[in-house]
Amino acid sequence: MTDTPLRLVVLIGSHREGRFAPTVARWLLAELEQHADFDVEVIDAAQAGLNAEGPSPTASLPVLEAVGALAARMEAADAFVVVTPEYNHSYPASLKSLIDWHRTQWQAKPIGFVSYGGMSGGLRAVEHLRQIFAELHAVTVRDTVSFHQAWERFDEQGEVRDTEGPALAAKAMLDQLAWWGTTLRTARAERPYVAQSTGV
Ligand SMILES: Cc1cc2nc3c(=O)[nH]c(=O)nc-3n(C[C@H](O)[C@H](O)[C@H](O)COP(=O)(O)O)c2cc1C
């Protein structure tokens, strides 16, 4: 456990109407209540006000205002958990938009994943995201939580059917996130992260 709680942002990546994301996110937030390492804040792609096309020189003012408001909240974060479904063997465009609108906010910070989907449980989405976050100088933690055939894993009230397996997986992921979060928070405070690259 850390002395000062880490500021954890839970990013909810899908934004389509009727999405399953709130069920998975609710479960994660309940798990996080048992983890004293984190102060938790939620950023939801469905409410973020960003367009799915990503940064554009012709972006409208409301989008820019939305970016500004989000940027400060993400800058303050020490760690992130990305809640993502799998769309067509990858992750949703709404999540890519949230990622691409930010740069320094990710640097030298750890990212954990809770994924869900059909057969793959969103694992292919997570593996794609690892490549994106490496480009952004973030560190993705090894263990993830994945809900395969997600709609069968929760009952009609949205309660998880297996209360042990996913909780164990969440604990492993969150323990790793807390270790990296604490370590990198200290490191960032001691010396600025060197993010310059030799090329794109
Ligand atoms: C456009 C689209 C593509 C999908 N592609 C996949 C896929 O490639 N693999 C998979 O396991 N599930 C796939 N699914 C199932 C979703 O992962 C599942 O419906 C999930 O609940 C979607 O997240 P959401 O409800 O939060 O939008 C797809 C669903 C949609 C809407």
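Further up the page is the structure itself.
Residues numbered from 1 in each chain as written. Predicted model: local features only at pLDDT ≥ 70, side-chain atom pairs only at ≥ 80, totals over all residues. Heavy atoms only, no water.

A.B. asks: Any chance you could explain the environment of Glu 156 here in plain terms?
C.D. replies: One can find Glu 156 in the loop between strand E6 (145-147) and helix H5 (165-190). Taking the C-alpha atoms as reference points, Glu 156 and Pro 110, 46 residues apart in sequence, are found 33 Å from one another. (Helix = DSSP H or I, 4+ residues; strand = E, 2+ residues; numbered from the N terminus.)

A.B. asks: Sorry, what's going on with the site of the ligand here?
C.D. replies: Lining the immediate surroundings of the ligand are 17 residues, of which Ser 14, Arg 16, Phe 20, Tyr 87 and Tyr 116 lie closest. A distance of 2.6 Å is found between an oxygen atom of the ligand and a backbone nitrogen or oxygen belonging to Phe 20. Backbone polar atom of Asn 88 to a nitrogen atom of the ligand: 2.7 Å apart, as the coordinates give it. The protein chains hide 76% of the 600 Å² of surface that the ligand would expose on its own. (Near = heavy atom within 4 Å. Polar contact = N/O pair within 3.5 Å; in protein donor to acceptor, adjacent residues only side chain to side chain. Areas by Shrake-Rupley, 256 points an atom, 1.4 Å probe, with all protein chains shown as cover.)

A.B. asks: Hey, could you run me through the packing of aromatic side chains in this one?
C.D. replies: Ring pairs (aromatic) are described by centroid distance and by the angle formed between their planes. Within this structure, the stated rule accounts for eight aromatic pairs. With a centroid separation of 5.1 Å and an interplanar angle of 90 degrees, the aromatic rings of Trp 27 and Phe 147 are classed as edge-to-face. Linking Trp 27 in helix H1 (residues 21-32) with Phe 147 in strand E6, this pair joins segments that are 120 residues apart in sequence. Of the two residues examined, Trp 27 and Phe 147, each falls in the buried class. Taking 5.0 Å as the distance between ring centres and 55 degrees as the angle between the ring planes, the aromatic pair formed by Phe 147 and Phe 154 counts as tilted. (Phe/Tyr/Trp six-rings, centres within 6.5 Å; stacked < 30°, edge-to-face > 60°. Buried < 20%, exposed > 50% of the residue type's maximum accessible area, 1.4 Å probe, protein only.)

A.B. asks: I'm lost on the pairing of strand E4 (residues 110-116) in this one. Help?
C.D. replies: Residues in a regular strand project their side chains so that they alternate between the two faces of the sheet. The buried fraction of E4 is high, at seven of seven residues. The alternating pattern of E4 places Pro 110, Gly 112, Val 114 and Tyr 116 on one face and Ile 111, Phe 113 and Ser 115 on the opposite face, and all of these are buried. Both strand E3 (residues 79-85) and E4 contribute to a ladder of six bridges, which runs parallel. Following the sheet pairing, Val 83 is matched in E4 by Val 114. A crossover connection joins E3 to the parallel E4 through helix H3 (residues 93-100); in handedness this β-α-β unit is right-handed. (Pairing = 2+ DSSP bridges. Right-handed = clockwise from strand over helix to strand, strands pointing away.)

A.B. asks: Sorry if this is basic, but what is going on with the layout of surface pockets here?
C.D. replies: To find the voids left in a structure, one rolls a probe of water-molecule size over its atoms. Here the largest pocket is characterised by a volume of approximately 190 Å³. Here the element with the most residues in the lining of the largest pocket is H1; it accounts for five residues. Looking at the lining of the largest pocket residue by residue, the class counts come to four nonpolar, four polar and three charged. (1 Å grid on protein atoms, 1.4 Å probe; cavity = no way out; pocket = protein on both sides within 12 Å on 5 of 7 lines; lining within 4 Å. Points joined across faces, edges and corners; volume = space filled by probe spheres on them. Nonpolar A, V, L, I, M, F, W, Y, C, P; charged D, E, K, R; others polar.)

A.B. asks: For this particular structure, what's the right way to read H5?
C.D. replies: A turn of α-helix holds 3.6 residues, and therefore any two residues three or four places apart point the same way. For H5, built from 26 residues, the straight-helix expectation of 38 Å at 1.5 Å per residue is met to within 8% by its first-to-last C-alpha distance of 38 Å. Looking only at H5, the buried set comprises Pro 166, Ala 170, Met 173, Leu 174, Leu 177, Ala 178, Gly 181 and Leu 184. (Expected span 1.5 Å × (residues − 1).)

A.B. asks: Where do I start with the environment of Trp 180 in this structure?
C.D. replies: With respect to the helices and strands, the residue Trp 180 is situated in helix H5. Each C-alpha atom of the pair Trp 180 and Ala 169 lies 17 Å from the other, and the pair is 11 residues apart in sequence. The contact partners of Trp 180, leaving out residues within four places of it in the chain, are Pro 110, Val 139 and Val 141. (Contact = heavy atoms within 4.5 Å.)

A.B. asks: Would you mind going over the pairing of strand E2 (residues 38-44) with me for this structure?
C.D. replies: Sheet topology places strand E1 (residues 6-12) next to E2; seven bridges connect them, and they run parallel. Of the residues in E2, the one forming a bridge with Val 9 is Glu 41. Viewed along the sheet, the connection from E1 through H1 into E2 turns out right-handed.

A.B. asks: What is the right way to look at the packing of H3 against helix H4 (residues 123-135) in this model?
C.D. replies: When two helices pack together, their arrangement is captured by the angle between the axes and the distance separating the axes. Contact pair H3 / H4: the axes reach a minimum separation of 12 Å and the direction vectors enclose 15 degrees. In terms of orientation, H3 lies roughly parallel with respect to H4. Seen from above, H3 lies across H4 with right-handed handedness. Every residue of H4 that contacts H3 at Leu 95, Lys 96 and Ile 99 is listed here: Leu 129, Ile 132 and Phe 133. (Axes fitted to C-alpha atoms, helices over the stretch in contact; angles between N-to-C directions. Parallel < 35°, antiparallel > 145°, perpendicular 65-115°, else oblique. Left-handed = near helix turned anticlockwise from the far one by under 90°.)

A.B. asks: Can you help me understand H1 in this one?
C.D. replies: Look at H1: 16 Å from first C-alpha to last across 12 residues, which is about the 16 Å you get at 1.5 Å a residue. Buried within H1 we find Ala 21, Thr 23, Val 24, Ala 25, Trp 27, Leu 28, Glu 31 and Leu 32. The inward-facing, buried residues of H1 abut E1, E2, E3, E4, E6 and H5.

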